[in-house]
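# Secondary and tertiary structure notes
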Amino acid sequence: MNSFNLGAAIFAVFDGHGGGECSKYLKNNFMYHVMNQQKSSWYKAVKNGIAEAEEKYCKQARRAGDDSGACLITCVLFEDNYVVAGVGDCRCIAGIGWNKRNKKVISLSTDHTAKVESARIRRAGGKVLRGRLDGILEPSRTIGDLDVKDKKNTGLIATPEMRKGKIEQDKLYVFVLASDGLWDVFKNSEVINFIHKAIENKKSGNPCKQTAESKNVADGLVAEAARRGSRDDITVVVCIVWLP
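For clarity, every value in this text was computed on a predicted model and none was experimentally measured.

### What to know about the pairing of strand S3 (residues 81-87)
Burial of S3 is extensive: seven of the seven residues sit out of reach of the surface. Every second residue of S3 is oriented toward a common face, with Asn 81, Val 83, Ala 85 and Val 87 on one face and Tyr 82, Val 84 and Gly 86 on the other, all of them buried. As paired strands, strand S2 (residues 69-78) and S3 are joined by seven bridges and run antiparallel to one another. Its bridge partner lying in S3, Phe 78 is registered against Asn 81. The sheet contact formed by S3 and strand S9 (residues 161-166) spans six bridges and is antiparallel. Bridge pairing in S9 links Tyr 82 to Gly 165.

### A few points about the pattern of salt bridges
Counted under the stated rule, the structure contains 14 salt bridges. Lys 166 is the partner of Asp 80 in a salt bridge, and the nearest nitrogen-oxygen pair spans 3.5 Å. Of the two residues, Asp 80 sits in the loop between S2 and S3 while Lys 166 sits in strand S9, which places them 86 residues apart along the sequence. Under the relative-accessibility criterion, Lys 166 is labelled exposed at 53%.

### Here we look at the packing of helix H1 (residues 21-36) against helix H2 (residues 42-64)
Running from N to C, H1 and H2 cross one another at 135°; their axes reach a closest spacing of 8 Å. Taken together, the axes of H1 and H2 lie oblique to each other. Read as a crossing pair, H1 and H2 show a hand that is right-handed. Residues Glu 21, Cys 22, Tyr 25, Leu 26, Phe 30, Tyr 32, His 33, Val 34, Met 35 and Asn 36 of H1 form the contact with H2, whose participating residues are Trp 42, Ala 45, Val 46, Gly 49, Ile 50, Glu 52, Ala 53, Lys 56, Tyr 57 and Gln 60. Across the contact of H1 with H2, the residue classes break down as 13 nonpolar, four polar and three charged.

### Examining the side chain of Asn 188
Relative to the assigned elements, Asn 188 resides in helix H6 (residues 188-199). Within the structure, Asn 188 has its side chain in polar contact with the side chain of Arg 91 (distance 2.7 Å).

### With respect to the packing of aromatic side chains
The relation between two aromatic rings is expressed through the spacing of the ring centres and the mutual angle of the planes. Considering all chains together, one arrives at six aromatic pairs under this definition. Judged by centre distance (5.5 Å) and plane angle (65°), the ring pair of Tyr 82 and Phe 175 falls under edge-to-face. Separated by 93 residues along the polypeptide, Tyr 82 in strand S3 and Phe 175 in strand S10 (residues 172-178) bring together distant segments of the chain. Taking 6.2 Å as the distance between ring centres and 85° as the angle between the ring planes, the aromatic pair formed by Phe 186 and Phe 194 counts as edge-to-face. Accessibility expressed as a relative area gives 4% for Phe 186, which makes it buried. Judged by relative accessible area, which is 26%, Phe 194 ranks as partly exposed. Taken together, the ring pairs in this structure connect Tyr 82, Tyr 173 and Phe 175 into an aromatic cluster. Taking NZ or CZ as reference, Lys 164 lies 5.1 Å from the ring centre of Tyr 43, over its face. Positioned above the aromatic ring of Phe 186 is the side chain of Arg 228, whose terminal nitrogen or guanidinium carbon lies 3.9 Å from the ring centre.

### Concerning H1
Given a rise of 1.5 Å per residue, 16 residues ought to cover 22 Å, and the 22 Å separating the end C-alpha atoms of H1 matches this to within 8%. Bending of H1 peaks at approximately 55° at the position of Asn 29. Along H1, the residues classified as buried are Cys 22, Ser 23, Tyr 25, Leu 26, Phe 30, His 33 and Val 34. Packing partners of the buried residues in H1 comprise strand S1 (9-17), H2, S2 and strand S8 (143-144).

Cut-offs used in this document
Residues numbered from 1 in each chain as written. Predicted model: local features only at pLDDT ≥ 70, side-chain atom pairs only at ≥ 80, totals over all residues. Heavy atoms only, no water. Buried < 20%, exposed > 50% of the residue type's maximum accessible area, 1.4 Å probe, protein only. Helix = DSSP H or I, 4+ residues; strand = E, 2+ residues; numbered from the N terminus. Pairing = 2+ DSSP bridges. Salt bridge = Lys/Arg side-chain N within 4 Å of Asp/Glu carboxyl O. Axes fitted to C-alpha atoms, helices over the stretch in contact; angles between N-to-C directions. Parallel < 35°, antiparallel > 145°, perpendicular 65-115°, else oblique. Left-handed = near helix turned anticlockwise from the far one by under 90°. Contact = heavy atoms within 4.5 Å. Nonpolar A, V, L, I, M, F, W, Y, C, P; charged D, E, K, R; others polar. Polar contact = N/O pair within 3.5 Å; in protein donor to acceptor, adjacent residues only side chain to side chain. Phe/Tyr/Trp six-rings, centres within 6.5 Å; stacked < 30°, edge-to-face > 60°. Lys NZ or Arg CZ within 6 Å of the ring centre and 35° of its normal. Expected span 1.5 Å × (residues − 1). Bend = angle between axes of the 7 residues up to and from the residue.

In structure tokens form, the structure reads like this:
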């Protein structure tokens, strides 16, 4: 059965730099680009949608003389499946299970930074100076950033890293998508522990759907990251999934 006929939930975070035009464009058009590619699977739709967003935005930005850029992380949930795609240093993690015996935290993306991808950048003819691609950008994959991409052979790309998986029944899943401002001051496990504590029923010790729905745990994480001294933009999306 074609999953496109069954609906899905799409979550995304866009972290702009060098101006706000690129992140604003993605906010207004990313969904359109993904849906425009809905031909066979969500995996291909997201991958091709990101390529379309890069192409369309760069064409528009070149006409306008706009050199802004953005990193993105997106997660699509459909039936009992998930697809995650990342471009840049935003991150997606998942906390699976509840108690200490069966709980695990997994990373569903890689932070694409110039330091992490220095070998790939140099193979492409680019350079890493002071931990930055071409001495300018910390992220090594972005949408936009024509001031770097138009130089050619810098190693800056918009190719997403893709992950997919199954959501098991009778397990709690907590998906967290966030910009690097959160991850600068939080470990992955700390984020999941923070959310679990926020949604716990204090009497039973179990996760409480009503508590989770009544609290904005994303806002709580943003506030705590700021309290811990994060100096970067902090954007957080939390998706809590129960499959009976």
